[in-house]
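These are the residues of each chain, in order.
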Amino acid sequence: MTGGSGMLGSAVVERLRPRGLICLTRRQPVPAVPNVVVDLADDRLGLDRAAYDRLVAETAVIVHCAARTGFRVGRETMMSTNRDGTGNLLKLAERGGARFVHVSSAFVARRRYAPAEPPAGQPSPWHYLDSKQAAEDLVGASAVPSVIVRPSVVIGDSATGQITTQQGFHTMLESFCKGLLPIVPFEAESTVDFVPQDIAAGAIADIVADPAVTGERWLTSGSHAVTAEAISVACCAVMAEAGREPRRPRFAPPDMVDRLILPTFAPVLPPRLLRMFLGLVAMGRLFGPDREPFPTSLPPLVAGVPLGQVMRQALEANIRYSSDLPAHVRDEAA
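Residues numbered from 1 in each chain as written. Predicted model: local features only at pLDDT ≥ 70, side-chain atom pairs only at ≥ 80, totals over all residues. Heavy atoms only, no water.

S.K.: Any details on the environment of Met 1? Residues and values, ideally.
M.R.: Looking at where Met 1 falls in the secondary structure, it is placed in the segment before α1 (7-16). Looking at Met 1, the relative accessible area reads 7%, which means it is buried. Considered as a pair, Met 1 and Leu 21 are 20 residues apart in the sequence and their alpha carbons are 7.2 Å apart. Residues within four places of Met 1 in sequence aside, it is in contact with Gly 9, Val 12, Val 13, Leu 16, Leu 21, Ile 22, Cys 23, Leu 24, Val 63 and Cys 65. (Helix = DSSP H or I, 4+ residues; strand = E, 2+ residues; numbered from the N terminus. Buried < 20%, exposed > 50% of the residue type's maximum accessible area, 1.4 Å probe, protein only. Contact = heavy atoms within 4.5 Å.)

S.K.: Got a sec to walk through the state of the cysteines? Specific residues and values, please.
M.R.: This model, assessed by the stated rule, comprises 0 disulfides. A disulfide-free cysteine, Cys 23 has its sulfur positioned 9.5 Å from the sulfur of Cys 65, the nearest such atom. The class of Cys 23 is buried, set by a relative accessible area of 0%. For Cys 65, a relative accessible area of 15% puts it in the buried group. (Disulfide = S-S within 2.5 Å.)

S.K.: Please set out helix α2 (residues 49-58) residue by residue, giving values where relevant.
M.R.: Residues of α2 that are buried: Ala 51, Tyr 52, Leu 55 and Val 56. Down the axis of α2, the buried side of the element spans an arc of 140°, and every buried residue falls inside it. For α2, the exposed residues lying more than 90 degrees away from the buried face are Arg 54, Ala 57 and Glu 58. Next to the buried residues of α2 lie β1 (23-25) and α3 (75-96). You can read the cap of α2 off the contacts: a side-chain oxygen lies 3.2 Å from the backbone nitrogen of Ala 50, and it is on Asp 48. (Arc of directions from axis to C-beta. Polar contact = N/O pair within 3.5 Å; in protein donor to acceptor, adjacent residues only side chain to side chain.)

S.K.: Now, about the confidence of the model for the protein chain: what can you tell me, with residues and values included?
M.R.: Averaged over all residues, the pLDDT of the protein chain is 89; the fraction at 70 or higher stands at 95%. When the criterion is pLDDT under 50, residues 325-334 qualifies, and its contacts beyond four places in sequence or with other chains add up to 12 contacts. (pLDDT = per-residue confidence, 0-100.)

Right, here's the structure in full:
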(Lines give C-alpha, C1' and ligand atoms only; values in the text may rest on other atoms or scores of the structure.)
Protein backbone atom coordinates (compact mmCIF):
# COMPACT_ATOMS: atom_id res chain seq x y z
CA MET A 1 0.00 0.00 0.00
CA THR A 2 1.08 3.57 -0.71
CA GLY A 3 -0.17 6.65 1.12
CA GLY A 4 -0.66 4.80 4.40
CA SER A 5 0.25 7.86 6.47
CA GLY A 6 -2.25 10.10 4.70
CA MET A 7 -5.72 11.17 5.73
CA LEU A 8 -7.65 8.44 3.90
CA GLY A 9 -4.75 6.00 3.78
CA SER A 10 -4.35 5.87 7.55
CA ALA A 11 -7.98 4.78 7.89
CA VAL A 12 -7.48 2.13 5.21
CA VAL A 13 -4.40 0.83 7.03
CA GLU A 14 -6.48 0.14 10.14
CA ARG A 15 -8.71 -2.15 8.11
CA LEU A 16 -5.93 -3.89 6.17
CA ARG A 17 -3.39 -4.23 8.99
CA PRO A 18 -4.21 -7.91 9.79
CA ARG A 19 -3.88 -8.96 6.13
CA GLY A 20 -0.13 -9.00 5.65
CA LEU A 21 0.14 -5.31 4.82
CA ILE A 22 3.40 -3.72 3.64
CA CYS A 23 3.44 0.09 3.41
CA LEU A 24 5.55 1.84 0.78
CA THR A 25 6.55 5.19 2.25
CA ARG A 26 8.56 8.21 1.25
CA ARG A 27 9.16 10.09 4.50
CA GLN A 28 6.66 9.35 7.24
CA PRO A 29 6.61 5.72 8.41
CA VAL A 30 3.33 3.95 9.13
CA PRO A 31 3.35 2.50 12.65
CA ALA A 32 2.91 -1.20 13.48
CA VAL A 33 3.37 -2.51 9.92
CA PRO A 34 6.44 -3.28 7.79
CA ASN A 35 7.61 -0.20 5.88
CA VAL A 36 9.68 -0.02 2.71
CA VAL A 37 11.09 3.41 1.81
CA VAL A 38 10.60 4.04 -1.91
CA ASP A 39 10.72 6.72 -4.57
CA LEU A 40 7.62 6.34 -6.74
CA ALA A 41 9.12 8.51 -9.47
CA ASP A 42 11.87 5.93 -10.06
CA ASP A 43 11.32 2.97 -12.42
CA ARG A 44 12.37 0.50 -9.73
CA LEU A 45 10.92 2.63 -6.91
CA GLY A 46 14.41 3.61 -5.76
CA LEU A 47 15.17 0.05 -4.62
CA ASP A 48 18.14 -2.12 -5.48
CA ARG A 49 17.45 -5.16 -7.64
CA ALA A 50 17.26 -7.65 -4.77
CA ALA A 51 14.87 -5.51 -2.69
CA TYR A 52 12.69 -4.85 -5.73
CA ASP A 53 12.52 -8.55 -6.56
CA ARG A 54 11.53 -9.37 -2.97
CA LEU A 55 8.74 -6.80 -3.15
CA VAL A 56 7.51 -8.29 -6.42
CA ALA A 57 7.42 -11.75 -4.89
CA GLU A 58 5.55 -10.60 -1.77
CA THR A 59 2.87 -8.50 -3.49
CA ALA A 60 -0.57 -9.86 -4.39
CA VAL A 61 -2.54 -6.58 -4.33
CA ILE A 62 -1.36 -2.98 -4.61
CA VAL A 63 -3.54 -0.31 -2.98
CA HIS A 64 -2.34 3.01 -4.37
CA CYS A 65 -3.51 5.86 -2.10
CA ALA A 66 -0.47 8.15 -2.36
CA ALA A 67 -0.83 11.41 -4.29
CA ARG A 68 0.21 15.05 -4.33
CA THR A 69 -2.97 17.02 -3.65
CA GLY A 70 -2.08 20.67 -3.03
CA PHE A 71 -3.74 23.23 -5.27
CA ARG A 72 -0.56 25.33 -5.31
CA VAL A 73 1.65 22.55 -6.71
CA GLY A 74 2.94 22.96 -10.26
CA ARG A 75 1.80 20.79 -13.14
CA GLU A 76 5.09 18.95 -13.67
CA THR A 77 5.45 18.08 -10.00
CA MET A 78 1.88 16.78 -9.98
CA MET A 79 2.48 14.66 -13.07
CA SER A 80 5.76 13.26 -11.75
CA THR A 81 4.15 12.01 -8.55
CA ASN A 82 0.58 11.17 -9.53
CA ARG A 83 0.96 9.96 -13.12
CA ASP A 84 4.51 8.62 -13.26
CA GLY A 85 4.32 7.08 -9.79
CA THR A 86 1.19 5.20 -10.83
CA GLY A 87 2.95 3.95 -13.95
CA ASN A 88 5.87 2.59 -11.94
CA LEU A 89 3.55 0.80 -9.53
CA LEU A 90 1.69 -0.73 -12.48
CA LYS A 91 5.02 -2.15 -13.67
CA LEU A 92 5.47 -3.76 -10.27
CA ALA A 93 1.95 -5.20 -10.41
CA GLU A 94 2.43 -6.51 -13.95
CA ARG A 95 5.70 -8.18 -13.13
CA GLY A 96 4.31 -9.89 -10.02
CA GLY A 97 0.84 -10.69 -11.35
CA ALA A 98 -0.72 -8.46 -8.68
CA ARG A 99 -4.11 -6.79 -8.67
CA PHE A 100 -4.19 -2.97 -8.62
CA VAL A 101 -6.60 -0.84 -6.58
CA HIS A 102 -6.12 2.76 -7.66
CA VAL A 103 -7.55 5.54 -5.49
CA SER A 104 -8.33 8.47 -7.77
CA SER A 105 -10.87 11.30 -7.33
CA ALA A 106 -14.51 11.70 -8.26
CA PHE A 107 -13.66 15.23 -9.33
CA VAL A 108 -11.93 14.05 -12.50
CA ALA A 109 -15.50 14.17 -13.83
CA ARG A 110 -15.50 17.94 -13.27
CA ARG A 111 -12.44 18.69 -15.40
CA ARG A 112 -14.57 19.68 -18.37
CA TYR A 113 -15.84 22.70 -16.41
CA ALA A 114 -12.34 24.10 -16.05
CA PRO A 115 -10.83 27.11 -17.79
CA ALA A 116 -7.77 26.41 -19.93
CA GLU A 117 -5.53 28.02 -17.30
CA PRO A 118 -6.21 29.06 -13.69
CA PRO A 119 -6.50 32.80 -13.03
CA ALA A 120 -3.09 34.34 -12.40
CA GLY A 121 -1.91 34.05 -8.81
CA GLN A 122 -4.71 31.74 -7.68
CA PRO A 123 -4.40 28.16 -6.44
CA SER A 124 -6.05 25.77 -8.84
CA PRO A 125 -7.44 22.22 -8.70
CA TRP A 126 -6.90 21.58 -12.39
CA HIS A 127 -3.25 20.47 -12.33
CA TYR A 128 -4.17 17.94 -9.66
CA LEU A 129 -7.15 16.64 -11.63
CA ASP A 130 -5.15 16.48 -14.86
CA SER A 131 -2.56 14.32 -13.10
CA LYS A 132 -5.24 12.05 -11.62
CA GLN A 133 -6.90 11.65 -15.01
CA ALA A 134 -3.54 10.83 -16.58
CA ALA A 135 -2.97 8.20 -13.89
CA GLU A 136 -6.42 6.72 -14.53
CA ASP A 137 -5.59 6.55 -18.23
CA LEU A 138 -2.49 4.49 -17.45
CA VAL A 139 -4.51 2.12 -15.26
CA GLY A 140 -7.18 1.75 -17.91
CA ALA A 141 -4.64 1.01 -20.65
CA SER A 142 -2.81 -1.60 -18.57
CA ALA A 143 -3.46 -5.34 -18.72
CA VAL A 144 -3.17 -5.49 -14.91
CA PRO A 145 -6.48 -6.48 -13.18
CA SER A 146 -7.57 -3.23 -11.61
CA VAL A 147 -10.23 -1.20 -9.83
CA ILE A 148 -10.41 2.60 -10.03
CA VAL A 149 -11.86 4.05 -6.82
CA ARG A 150 -13.21 7.61 -6.98
CA PRO A 151 -13.93 9.22 -3.59
CA SER A 152 -15.35 12.72 -3.45
CA VAL A 153 -14.35 15.16 -0.68
CA VAL A 154 -13.16 12.97 2.20
CA ILE A 155 -14.35 14.29 5.57
CA GLY A 156 -13.87 13.04 9.12
CA ASP A 157 -15.39 10.01 10.80
CA SER A 158 -19.14 9.65 10.26
CA ALA A 159 -19.84 9.34 14.01
CA THR A 160 -17.20 11.52 15.67
CA GLY A 161 -15.98 13.85 12.92
CA GLN A 162 -12.41 13.02 13.90
CA ILE A 163 -9.83 13.23 11.13
CA THR A 164 -6.05 13.02 11.10
CA THR A 165 -5.47 16.03 8.83
CA GLN A 166 -8.03 18.75 8.22
CA GLN A 167 -8.66 19.61 4.59
CA GLY A 168 -10.22 22.40 2.55
CA PHE A 169 -13.70 21.21 3.51
CA HIS A 170 -12.87 21.85 7.16
CA THR A 171 -11.62 25.32 6.26
CA MET A 172 -15.06 25.96 4.82
CA LEU A 173 -16.73 24.71 8.02
CA GLU A 174 -14.46 26.90 10.13
CA SER A 175 -15.32 29.90 7.99
CA PHE A 176 -19.05 29.26 8.36
CA CYS A 177 -18.93 28.49 12.08
CA LYS A 178 -16.74 31.42 13.10
CA GLY A 179 -18.04 33.96 10.61
CA LEU A 180 -14.51 34.59 9.38
CA LEU A 181 -15.46 35.56 5.84
CA PRO A 182 -18.50 37.72 5.02
CA ILE A 183 -18.54 36.33 1.46
CA VAL A 184 -18.13 32.69 0.40
CA PRO A 185 -16.87 32.23 -3.18
CA PHE A 186 -19.47 29.80 -4.49
CA GLU A 187 -23.12 29.88 -5.29
CA ALA A 188 -25.52 28.98 -2.50
CA GLU A 189 -27.04 26.15 -4.55
CA SER A 190 -23.69 24.57 -5.38
CA THR A 191 -23.71 20.90 -4.42
CA VAL A 192 -20.88 19.73 -2.18
CA ASP A 193 -20.38 15.98 -2.38
CA PHE A 194 -18.47 14.34 0.48
CA VAL A 195 -17.82 10.89 1.92
CA PRO A 196 -16.82 10.15 5.54
CA GLN A 197 -13.33 8.78 6.06
CA ASP A 198 -14.47 5.57 7.77
CA ILE A 199 -17.04 4.72 5.09
CA ALA A 200 -14.56 5.30 2.26
CA ALA A 201 -11.89 3.24 4.03
CA GLY A 202 -14.31 0.39 4.67
CA ALA A 203 -15.37 0.36 1.02
CA ILE A 204 -11.74 0.22 -0.13
CA ALA A 205 -10.99 -2.64 2.27
CA ASP A 206 -14.00 -4.54 0.90
CA ILE A 207 -12.72 -4.02 -2.65
CA VAL A 208 -9.30 -5.36 -1.66
CA ALA A 209 -10.91 -8.43 -0.10
CA ASP A 210 -12.98 -9.30 -3.18
CA PRO A 211 -10.89 -10.19 -6.25
CA ALA A 212 -14.05 -10.31 -8.38
CA VAL A 213 -14.45 -6.51 -8.12
CA THR A 214 -13.21 -4.71 -11.24
CA GLY A 215 -13.94 -1.49 -13.10
CA GLU A 216 -14.92 1.71 -11.27
CA ARG A 217 -16.29 2.38 -7.80
CA TRP A 218 -17.62 5.81 -6.84
CA LEU A 219 -17.39 6.62 -3.12
CA THR A 220 -19.69 9.63 -3.00
CA SER A 221 -22.91 11.02 -1.57
CA GLY A 222 -24.45 10.89 -5.04
CA SER A 223 -28.05 12.14 -4.96
CA HIS A 224 -27.65 12.85 -1.22
CA ALA A 225 -25.05 15.59 -1.76
CA VAL A 226 -26.03 18.80 0.03
CA THR A 227 -25.83 22.43 -1.03
CA ALA A 228 -23.35 24.97 0.26
CA GLU A 229 -26.25 26.90 1.78
CA ALA A 230 -27.47 23.76 3.60
CA ILE A 231 -23.99 23.33 5.07
CA SER A 232 -24.03 26.95 6.20
CA VAL A 233 -27.45 26.46 7.85
CA ALA A 234 -26.21 23.29 9.59
CA CYS A 235 -23.14 25.16 10.90
CA CYS A 236 -25.32 27.94 12.31
CA ALA A 237 -27.62 25.39 13.98
CA VAL A 238 -24.72 23.61 15.66
CA MET A 239 -23.25 26.92 16.83
CA ALA A 240 -26.63 28.01 18.18
CA GLU A 241 -26.81 24.83 20.25
CA ALA A 242 -23.48 25.84 21.78
CA GLY A 243 -24.74 29.33 22.58
CA ARG A 244 -22.92 31.03 19.72
CA GLU A 245 -24.40 33.11 16.93
CA PRO A 246 -22.20 33.14 13.85
CA ARG A 247 -22.96 35.56 11.05
CA ARG A 248 -24.50 33.88 8.02
CA PRO A 249 -22.22 34.44 5.01
CA ARG A 250 -23.25 35.73 1.62
CA PHE A 251 -22.48 33.58 -1.41
CA ALA A 252 -20.95 34.86 -4.62
CA PRO A 253 -20.50 33.05 -7.97
CA PRO A 254 -16.95 32.60 -9.33
CA ASP A 255 -17.31 35.21 -12.07
CA MET A 256 -18.27 37.88 -9.51
CA VAL A 257 -15.38 36.80 -7.30
CA ASP A 258 -12.89 37.16 -10.14
CA ARG A 259 -14.27 40.46 -11.50
CA LEU A 260 -15.22 42.36 -8.37
CA ILE A 261 -14.47 40.79 -5.02
CA LEU A 262 -10.84 39.70 -5.35
CA PRO A 263 -9.61 42.98 -6.88
CA THR A 264 -11.35 44.90 -4.09
CA PHE A 265 -10.67 42.79 -1.01
CA ALA A 266 -7.47 40.82 -1.72
CA PRO A 267 -5.19 43.80 -1.00
CA VAL A 268 -6.79 44.43 2.43
CA LEU A 269 -7.48 40.93 3.79
CA PRO A 270 -5.05 39.65 6.45
CA PRO A 271 -2.72 36.98 5.00
CA ARG A 272 -4.40 34.04 6.78
CA LEU A 273 -7.88 35.07 5.66
CA LEU A 274 -6.64 35.70 2.11
CA ARG A 275 -5.15 32.19 1.96
CA MET A 276 -8.42 30.79 3.30
CA PHE A 277 -10.46 32.75 0.79
CA LEU A 278 -8.28 31.76 -2.18
CA GLY A 279 -8.45 28.11 -1.09
CA LEU A 280 -12.24 28.34 -1.06
CA VAL A 281 -12.17 29.98 -4.50
CA ALA A 282 -10.27 26.95 -5.81
CA MET A 283 -12.74 24.58 -4.16
CA GLY A 284 -15.68 26.55 -5.47
CA ARG A 285 -14.59 25.91 -9.04
CA LEU A 286 -15.30 22.21 -8.44
CA PHE A 287 -18.84 22.87 -7.23
CA GLY A 288 -21.78 24.61 -8.83
CA PRO A 289 -25.52 24.20 -9.33
CA ASP A 290 -24.92 23.27 -12.98
CA ARG A 291 -22.65 20.32 -12.12
CA GLU A 292 -24.13 16.88 -12.66
CA PRO A 293 -24.26 14.82 -9.45
CA PHE A 294 -21.75 12.04 -9.11
CA PRO A 295 -22.92 8.45 -9.30
CA THR A 296 -22.37 6.43 -6.14
CA SER A 297 -21.39 2.81 -5.56
CA LEU A 298 -22.21 2.98 -1.85
CA PRO A 299 -25.15 0.85 -0.69
CA PRO A 300 -28.48 2.54 0.12
CA LEU A 301 -28.12 1.38 3.73
CA VAL A 302 -24.96 1.66 5.84
CA ALA A 303 -25.20 -0.53 8.96
CA GLY A 304 -28.97 -0.45 8.52
CA VAL A 305 -29.16 3.36 8.29
CA PRO A 306 -30.21 5.11 5.03
CA LEU A 307 -27.22 6.61 3.24
CA GLY A 308 -28.73 10.12 3.20
CA GLN A 309 -29.19 10.03 6.97
CA VAL A 310 -25.63 8.81 7.44
CA MET A 311 -24.33 11.73 5.40
CA ARG A 312 -26.38 14.29 7.36
CA GLN A 313 -25.19 12.88 10.67
CA ALA A 314 -21.60 12.84 9.39
CA LEU A 315 -21.86 16.50 8.40
CA GLU A 316 -23.04 17.49 11.88
CA ALA A 317 -20.30 15.41 13.52
CA ASN A 318 -17.66 17.09 11.34
CA ILE A 319 -19.03 20.54 12.12
CA ARG A 320 -18.78 19.85 15.84
CA TYR A 321 -15.28 18.44 15.55
CA SER A 322 -13.98 21.20 13.27
CA SER A 323 -15.52 24.18 15.05
CA ASP A 324 -13.36 23.99 18.20
CA LEU A 325 -16.35 23.39 20.43
CA PRO A 326 -15.45 22.28 23.96
CA ALA A 327 -14.97 18.54 24.18
CA HIS A 328 -18.02 18.01 26.42
CA VAL A 329 -20.25 19.74 23.83
CA ARG A 330 -18.95 17.43 21.08
CA ASP A 331 -19.32 14.35 23.30
CA GLU A 332 -22.88 15.18 24.30
CA ALA A 333 -23.82 15.78 20.67
CA ALA A 334 -22.30 12.45 19.62
